[in-house]
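Each chain, written out:
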Amino acid sequence: MHFNSKLEPAESFSSFEVATQYLEKMCRVLGVRHFSYWSLSLADGLPDQVTWIATYDPAYMAHYMSTYTPLGDPAFEQAGSKPQVIDWSTLNAADETARRIQAQAARYGIAKHGISYPFRDGANCHIMFSANIDCADADWPREKARVIGMFCGFAHYFHARARPLVDSRRAAA
């Protein structure tokens, strides 16, 4: 699996539906079960605008948003000022909330293995890009290494194409 942004379209997504369809296509191309993209802007330290584009079951997304918030998600809480890839298994081993989120996600067909990559776009915009991989526990180290090889570059590429949609939503609010 290799991702080369120079071989992909550069224009912004025309709609959230088109962005979701692109993620669905790239799941097949890159061999992952799901991709998830969050853009969370803060005003005075509180969520101001939340955008979530994902290939997850919409019922799961509705459940997550009614039960948790991005700020209550341990992956977001681990996001510091320095971008780093977060292995979900590390979160699940250390945090009860992460285990509860994973147990609920499993009910909606979301595999237990995944990685998240939090980064910032400016001082008040937090981005979280995640990949979910369906594999056996014994295969996870190999699959994780395979996905990480393209993951961060793909996350930044997708954000660059989605950012105008996010900005237009923020301006309309």
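The structure displayed is predicted, hence computed values, not measured ones. (Residues numbered from 1 in each chain as written. Predicted model: local features only at pLDDT ≥ 70, side-chain atom pairs only at ≥ 80, totals over all residues. Heavy atoms only, no water.)

Turning our attention to the pairing of strand β4 (residues 113–120). With respect to burial, β4 is a largely interior element, seven of its eight residues being buried. Taken together, the two bridges between strand β3 (residues 86–87) and β4 define a ladder with antiparallel strand orientation. Within β4, the position partnered with Asp87 by the bridge is Ile115. Counting the residues in the hairpin turn of β4 and strand β5 (residues 125–133) gives four residues, including Gly122, whose phi is positive at 85 degrees. (Buried < 20%, exposed > 50% of the residue type's maximum accessible area, 1.4 Å probe, protein only. Helix = DSSP H or I, 4+ residues; strand = E, 2+ residues; numbered from the N terminus. Pairing = 2+ DSSP bridges.)

Turning our eyes to something else, we now look at helix α5 (residues 96–107). With 12 residues, α5 should cover 16 Å at 1.5 Å per step; its first-to-last C-alpha distance of 17 Å lies within 8% of that length. Regarding α5, the residues found buried are Ala98, Ile101, Gln102, Gln104 and Ala105. Viewed end-on, α5 has its buried residues packed into an arc of 165 degrees, placing them on one side of the element. Trailing α5 by a residue or two, Gly109 shows a phi angle of about 85 degrees, which is positive. (Expected span 1.5 Å × (residues − 1). Arc of directions from axis to C-beta.)

Interhelical geometry of helix α1 (residues 16–30) versus helix α6 (residues 140–172) gives an angle of 170 degrees and a closest axis separation of 11 Å. Between α1 and α6, the crossing angle belongs to the class labelled roughly antiparallel. Seen from α1, the contacting residues are Phe16, Ala19, Tyr22, Leu23, Met26 and Leu30; seen from α6, they are Arg146, Met150, Phe154, Tyr157, Phe158, Arg161, Leu165, Val166 and Arg169. When grouped by side-chain class, the residues that make up the contact of α1 with α6 number 12 nonpolar, no polar and three charged. (Axes fitted to C-alpha atoms, helices over the stretch in contact; angles between N-to-C directions. Parallel < 35°, antiparallel > 145°, perpendicular 65-115°, else oblique. Contact = heavy atoms within 4.5 Å. Nonpolar A, V, L, I, M, F, W, Y, C, P; charged D, E, K, R; others polar.)

Moving on to the environment of Phe3. With respect to the secondary-structure elements, Phe3 resides in the segment before α1. Not counting residues within four places of it along the chain, the set of residues in contact with Phe3 comprises Glu8, Tyr22, Met26, Leu30, Met150, Gly153, Phe154 and Tyr157.

Remember, this is a structural readout, not a statement about activity or role.
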